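So the chains spell out like this:
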Amino acid sequence: MVSEASNPQWYLVQARPRQAALAVEHLERQGYCVFHPRLHVEQLRRGRPVVVEQALFPDYLFIRLQAGVDNFGPVRSTRGVAQLVGFGTVPVPFDANLIESLRRHLAAPADGAPDGEGAAATGGTPAPDPGVAALLGLAEPRERIRALMGLVSPPRGRVGGAA
């Protein structure tokens, strides 16, 4: 559709292992809009509770691109980037509402959130999208990544596999 091609959409980028920050830095230098969701969690370090920031989806980030306008090649060849997630060689856009809900929810202050799991406690902020709530409800990063991959759907209008 023309309207889909003319509007920027969010795509999932898989970074090379432990190079997501490098990928974000280099993509932003190239002028791309990048979202690397992070949350604050409480961990024990040397027997004391410490709040640390960690990636919601380790080694994955989102990038906003406009199909038909933006060249996806430079993204794929950026330092720290392993690939754009999709089916075969076709990157698949993510639901913009889900990404925007996730962005709003993680940007909202977690008033009085216990145990550093403030991403799930909304305080005075509106409740997150059910898909976001489900992702945030998973404790282990691998579980969150698996759930995120479950949200990737095949491109419309393409049946079968022209790989």
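Residues numbered from 1 in each chain as written. Predicted model: local features only at pLDDT ≥ 70, side-chain atom pairs only at ≥ 80, totals over all residues. Heavy atoms only, no water.

> Would you take a moment to explain the overall build of the protein chain for this structure?
Within the protein chain, the regular secondary structure consists of six helices and nine strands. Scored against the burial criterion, the 163 residues of the protein chain give a buried share of 33%. Residue pairs at least 24 apart in sequence account for 70% of intrachain contacts in the protein chain once pairs closer than 6 positions are excluded. (Helix = DSSP H or I, 4+ residues; strand = E, 2+ residues; numbered from the N terminus. Buried < 20%, exposed > 50% of the residue type's maximum accessible area, 1.4 Å probe, protein only. Contact = heavy atoms within 4.5 Å.)

> I'm lost on the pairing of strand E3 (residues 38–45) in this one. Help?
As paired strands, E3 and strand E4 (residues 48–55) are joined by eight bridges and run antiparallel to one another. Residue Gln 43 lies in a different strand from E4, and its bridge partner there is Val 50. (Pairing = 2+ DSSP bridges.)

> Looking at this structure, I do not really get the side chain of Thr 78. What am I missing?
Relative to the helices and strands, Thr 78 is located in the loop between helix H3 (73–76) and strand E6 (81–84). Once you skip the residues sitting within four places of it in the chain, Thr 78 turns out to touch Ala 23, His 26, Leu 27 and Gln 30.

> Before we go on, may I ask you to explain the environment of Tyr 11 in this structure?
Tracing the sequence through the fold places Tyr 11 in strand E1 (residues 9–15). Among the residues examined, Tyr 11 registers a relative accessible area of 3% and is labelled buried. Taking C-alpha positions, Tyr 11 is 6.3 Å from Val 92, a pair spaced 81 residues apart along the chain. Beyond its immediate stretch of four places on either side in the chain, Tyr 11 contacts Leu 61, Phe 62, Ile 63, Leu 65, Ala 67, Phe 72, Leu 84, Pro 91, Val 92 and Pro 93.

> Could you clarify how one ought to interpret the environment of Arg 38 in this entry?
Of note, Arg 38 is situated in strand E3. Distance from Arg 38 to Phe 57, taken between C-alpha atoms, is 7.9 Å for residues 19 residues apart in sequence. Apart from residues no more than four positions distant in its own chain, Arg 38 is found in contact with Glu 53, Gln 54, Ala 55, Leu 56 and Leu 106. Looking at Arg 38, its side chain comes within polar contact range of the side chain of Glu 53, at 3.1 Å. (Polar contact = N/O pair within 3.5 Å; in protein donor to acceptor, adjacent residues only side chain to side chain.)

> Sorry, what's going on with the side chain of His 26 here?
Here His 26 is to be found in helix H2 (residues 20–29). We classify His 26 as buried; its relative accessible area is 16%. Once residues lying within four places of it in the same chain are set aside, the contact partners of His 26 are Thr 78 and Arg 79.

> Can you help me understand the pattern of salt bridges in this one?
Using the criterion set out here, one finds three salt bridges in the structure. With a closest N to O distance of 3.1 Å, Glu 53 and Arg 38 form a salt bridge. Of the two residues, Glu 53 sits in strand E4 while Arg 38 sits in strand E3, which places them 15 residues apart along the sequence. (Salt bridge = Lys/Arg side-chain N within 4 Å of Asp/Glu carboxyl O.)

> What exactly am I supposed to notice about the nonpolar core here?
Considering soluble globular proteins, one finds that nonpolar side chains tend to be buried as a cluster. The biggest cluster of nonpolar side chains holds 22 residues, and the ones touching the most others in it are Leu 12, Phe 57, Phe 62, Phe 94 and Leu 102. Listed by contribution, the elements that provide at least two residues to this core are E1, E3, strand E5 (60–65), helix H4 (96–107), helix H5 (130–136) and helix H6 (141–150). Excluding residues that lie within four positions of it along the chain, Leu 12 makes contacts with Tyr 60, Leu 61, Phe 62, Gln 83, Leu 84, Val 85, Phe 94, Leu 148 and Met 149. Core analysis: the next-biggest nonpolar cluster, separate from the first, contains 16 residues, Tyr 32, Val 34, Leu 61 and Val 75 among them. (Core = buried A, V, L, I, M, F, W, Y, C linked by side-chain atoms within 4.5 Å.)

> Could you clarify how one ought to interpret unusual backbone geometry in this entry?
For residues besides glycine, phi is generally negative; the peptide bonds are generally trans as well. In this structure, Arg 46 takes a positive phi of about 55° despite not being glycine. Take Arg 46: it is sitting in the loop between E3 and E4. On the accessibility criterion, Arg 46 (88% relative accessible area) is exposed. Phi is positive for Asp 59, which is not a glycine, with a value near 70°. Mapped onto the elements of the fold, Asp 59 is located in the loop between E4 and E5.

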